[in-house]
Amino acid sequence: MLDVFDLLPLLLTGAVVTVQITVMGGALALVMAFAAGLGRLSRSAPIRWLSTVYVEFFRGTSALIQLFWLFYALPLLGVSLDPMVAAVIGLGLNIGSYGAEVVRGAVLAVPRGQYEAARALGFSRAQMLRRILVPQAIPAMVPPFGNLWIELLKATALVSLITLGDLTFQAQMLRTATLQTPLIFGTVLFIYFALAMVMVFIIRRIERRVGRGLDRGGMRT
Amino acid sequence: MSQIDMSAPPMVRFRNVSKAFGDLVVLDDLNLDVQPNEKVAIIGPSGSGKSTLLRVLMTLETIDSGVIEVDGEPLWHMRRGDKLVPASRGHLREMRKKIGMVFQQFNLFPHMTVLRNVTEAPIHVLGLSKEEARARAVELLEMVGLGDKLDSYPANLSGGQQQRVGIARALAMRPKVMLFDEVTSALDPELVGEVLTVMRRLAEEHDLTMLMVTHEMGFAREIADRVCFFDSGRIAEEGPPSVIFSDPKQDRTRAFLSAVLNSQ
């Protein structure tokens, strides 16, 4: 009979891959969220249109199929991606599409008087976004971004289906080899949960940091 | 008080300006000339278009027809030969530099210190160096009595202090025209005086054209060169404060003044 310590080395190897994708995919998602979220607020119609197509396409189709496209279909069209690259791009673009709406919503929620004051002072639209509106919108973005980041952690389980040795992949391997199904998946659940708790801790710290100096008139916590 | 040259070309000129929100006409074929240095108080019932008058001058609202000129140049238009064409974004940005505005709700930038509120636009819009902008800001903040609050955040200031920062922030752009949109209406009564004191000094010591939408009749009477009574998108009556407040010609003006003065 195997105990949990026999399983852990392999599962932790998988967890490292899971964390890598969560961090790198999260970084890509953040970049895409700002690019497409601000893009949807652009004055240029083509930029708005492009951003909207990106958001609706990646939000409106299955993340698993997006990964399959990147990993199994693209090579047939002549583009072969390393599975890790496919995973980061696929999940980053997918979560980024949700993040774009977070960015757009938070910027639009900045009180109108801020926009008017910035305009009265002669700021260009880009300056207004960068110096006045976005900095004030960021505190409102952090909690939903935190949500999405944890969603991303859990979505990384999908990459086991494009041959990546993540936590879920290793669990499946172990299960086939040992048939200790309850123990293995119990441990895996716990590891995902522990990772999520670490992320929650990081998000809280960021929340506290960006909230400083800003009085949004909301509830004090 | 600085002298007003009535023969000089007007600093602000409205020519047949109209503006409607849907069916509601807020500026109705409005004509108004304001001379350089003149202090004009705009009074009238709410919804009469007073604030819209300032907001179209600040380019926060568009106009439907007519021409506005500021400092001899059309605001919402550009001269192309002898024709007027709609203004480009660049033209509007240039014209905004001539005009400063102070808001009822202050609209300070809450994520910036008092000092940065006042230096941000001079640095990034006018291209001043940090040192120049800082020197200008410190001077203005001292003038409004907030020289000791440079590093405070707006949330830690009283409403009266915030509004004085708002005045300093607008002045830091060295505008030729200053617009004051009910700047004391959101203040607790005991804080109104400190803001009016600053505006009084401004009126007396600076070469500024000032347009003030206000409910402070005593203040209007004291510092305005001219009072315009606004009603239904038009100037129903205008004249020196001594005349408007003591001997208004129009029934509407009389009714409005007696209602306001009785409530104060």
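As the structure is a prediction and not an experimental result, all values here were calculated from the model.

## With respect to the overall build of chain B
- A count of helical and extended segments in chain B gives nine helices and twelve strands.
- A compact globule built from 264 residues should have a C-alpha radius of gyration of about 18 Å, and chain B, at 18 Å, falls within 12% of that.
- When the backbone C-alpha atoms are referred to their principal axes, chain B occupies close to 55 × 50 × 40 Å.
- Look at the contacts in chain B between residues 6 or more apart in sequence, and 64% of them connect residues 24 or more apart.
- Within the structure as shown, chain B displays about 11,300 Å² of accessible surface, and the carbon and sulfur contribution to it stands at 46%.

## Here's the deal with the interface of chain B and chain A
- Each side of the interface is counted separately: chain B has 24 residues, and chain A has 20 residues.
- Summed over both partners, the interface of chain B with chain A buries about 2,100 Å², with 60% contributed by carbon and sulfur atoms.
- Counting across the chain B and chain A interface gives two salt bridges.
- In this structure, Glu116(A) engages Arg55(B) in a salt bridge whose closest nitrogen and oxygen atoms are separated by 2.7 Å.
- Along the contact surface separating chain B from chain A lie seven residue pairs in polar contact (both at pLDDT 80 or more).
- Of all the secondary structure elements, the ones that give two or more residues to the side of chain B that touches chain A are helix H2 (89–96), strand E8 (99–102) and helix H3 (114–124) of chain B.
- In the side of chain B that touches chain A, the residues fall into 14 nonpolar, four polar and six charged.

## With respect to the sheet that holds strand E4 (residues 65–70) of chain B
All names here are of chain B.
- Ordered by their spatial adjacency, four strands build an open sheet running E2-E1-E4-E5, and the pairing between neighbours is antiparallel. Looking along the sheet, the strands with just one partner apiece sit at the ends: strand E2 (24–34) and strand E5 (73–74).
- Examined bridge by bridge, strand E1 (residues 12–21) and E2 share seven bridges and lie antiparallel to one another. Each bridged residue has a counterpart across the sheet, and for Arg13 the counterpart in E2 is Asp33.

## A few points about the side chain of Lys98(B)
Residues and elements named next belong to chain B.
- As for its placement among the helices and strands, Lys98 is situated in the loop between H2 and E8.
- When its relative accessible area of 17% is taken as the criterion, Lys98 is described as buried.
- At a separation of 3.2 Å, a polar atom in the side chain of Lys98 contacts the side chain of Asp71.

## Digging into unusual backbone geometry
- Look at Thr163(A): it is not a glycine, yet its phi comes out positive at around 70°.
- Relative to the helices and strands, Thr163(A) resides in the loop between helix H6 (125–155) and helix H7 (167–178).
- Judged by relative accessible area, which is 46%, Thr163(A) ranks as partly exposed.
- A positive phi angle, close to 55°, is found at Asp71(B), a residue other than glycine.

## Examining a nonpolar patch on the surface
- On the surface, Trp49(A), Leu50(A), Val53(A) and Phe57(A) cluster together into a nonpolar patch covering about 470 Å² of accessible area.
- One can find Val53(A) in helix H2 (residues 45–60).

## Some points on the packing of helix H5 (residues 112–120) of chain A against H6(A)
Residues and elements named next belong to chain A.
- Between H5 and H6, the shortest axis-to-axis distance is 10 Å and the interhelical angle comes to 160°. Taken together, H5 and H6 sit at an angle that is classed as roughly antiparallel. Between H5 and H6 lies a crossing of right-handed hand. Facing H5, whose interface residues are Gln114, Tyr115, Ala118 and Arg119, H6 presents Met128, Ile132, Leu133 and Gln136.
- Residue composition of the contact of H5 with H6, grouped by class: five nonpolar, two polar and one charged.

## Some details on the packing of aromatic side chains
- A full pass over the atoms with the stated rule returns seven aromatic pairs over all chains.
- Seen in terms of ring centroids, Tyr54(A) and Phe58(A) are 5.3 Å apart; in terms of plane orientation they differ by 50°. Their pairing is tilted. Of this pair, Tyr54(A) and Phe58(A) both sit in helix H2, four residues apart, which is roughly one turn of that helix. Take Tyr54(A) and Phe58(A): they sit in the same class, and that class is buried.
- Between Phe123(A) and Phe109(B), the aromatic rings sit 6.5 Å apart at their centres with planes inclined by 70°, giving edge-to-face as the arrangement. Linking Phe123(A) in the loop between H5 and H6 with Phe109(B) in the loop between E8 and H3, this pair reaches from one chain into another.
- The buried category is assigned to Phe123(A), whose relative accessible area is 2%.
- Residue Phe109(B) is classed as buried on the basis of its relative accessible area, which comes to 0%.
- Joined through ring pairs, the aromatic side chains of Tyr54(A), Phe57(A) and Phe58(A) make up one cluster.

## What to know about a positive patch on the surface
- Where like charges cluster on the molecular surface, the positive patch consists of Arg43(A), Arg48(A), Arg125(A), Arg89(B) and Arg93(B).
- Note on placement: Arg43(A) falls in the loop between helix H1 (4–39) and H2.

## Quick look at the nonpolar core
- By size, the foremost hydrophobic cluster in this structure holds 75 residues, and its most contacted members are Val107(A), Phe123(A), Phe14(B), Leu57(B), Ile68(B) and Leu179(B).
- In terms of residue count, the dominant contributor to this core is H6(A) (eleven residues).
- In contact with Phe123(A), other than residues within four places in its own chain, are Ala118(A), Met128(A), Arg131(A), Ile132(A), Phe109(B), Glu120(B), Ala121(B), His124(B) and Val125(B).
- Residues Ala137(B), Val165(B), Ala170(B) and Phe219(B) belong to the second largest nonpolar core, which totals 38 residues.

## Notes on the layout of surface pockets
Residue and element names in this part refer to chain A.
- Computed from the structure, the second largest pocket encloses a volume of approximately 440 Å³.
- Lining the second largest pocket are 21 residues, and of these Leu30, Phe145, Gly146, Trp149 and Ile206 sit closest to its centre.
- Counting only elements with at least two residues in the lining of the second largest pocket, the list comes to H1, helix H4 (83–108), H6 and helix H8 (181–211).
- Sorting elements by how many residues they give to the lining of the second largest pocket places H6 first, with eight residues.
- A per-class count over the lining of the second largest pocket returns 17 nonpolar, four polar and no charged.

Conventions adopted
- Residues numbered from 1 in each chain as written.
- Chains lettered and ligands numbered in written order.
- Predicted model: local features only at pLDDT ≥ 70, side-chain atom pairs only at ≥ 80, totals over all residues.
- Heavy atoms only, no water.
- Helix = DSSP H or I, 4+ residues; strand = E, 2+ residues; numbered from the N terminus.
- Rg over C-alpha atoms; globule rule 2.2 N^0.38 Å.
- Contact = heavy atoms within 4.5 Å.
- Areas by Shrake-Rupley, 256 points an atom, 1.4 Å probe, with all protein chains shown as cover.
- Buried area = accessible area lost by both parts, 1.4 Å probe.
- Salt bridge = Lys/Arg side-chain N within 4 Å of Asp/Glu carboxyl O.
- Polar contact = N/O pair within 3.5 Å; in protein donor to acceptor, adjacent residues only side chain to side chain.
- Nonpolar A, V, L, I, M, F, W, Y, C, P; charged D, E, K, R; others polar.
- Pairing = 2+ DSSP bridges.
- Buried < 20%, exposed > 50% of the residue type's maximum accessible area, 1.4 Å probe, protein only.
- Patch = residues over 30% accessible without salt bridge, like charges linked within 9 Å, V, L, I, M, F, W, Y side chains within 5 Å.
- Axes fitted to C-alpha atoms, helices over the stretch in contact; angles between N-to-C directions.
- Parallel < 35°, antiparallel > 145°, perpendicular 65-115°, else oblique.
- Left-handed = near helix turned anticlockwise from the far one by under 90°.
- Phe/Tyr/Trp six-rings, centres within 6.5 Å; stacked < 30°, edge-to-face > 60°.
- Lys, Arg positive; Asp, Glu negative; His and termini not counted.
- Charge placed at Lys NZ, Arg CZ, Asp CG, Glu CD.
- Core = buried A, V, L, I, M, F, W, Y, C linked by side-chain atoms within 4.5 Å.
- 1 Å grid on protein atoms, 1.4 Å probe; cavity = no way out; pocket = protein on both sides within 12 Å on 5 of 7 lines; lining within 4 Å.
- Points joined across faces, edges and corners; volume = space filled by probe spheres on them.

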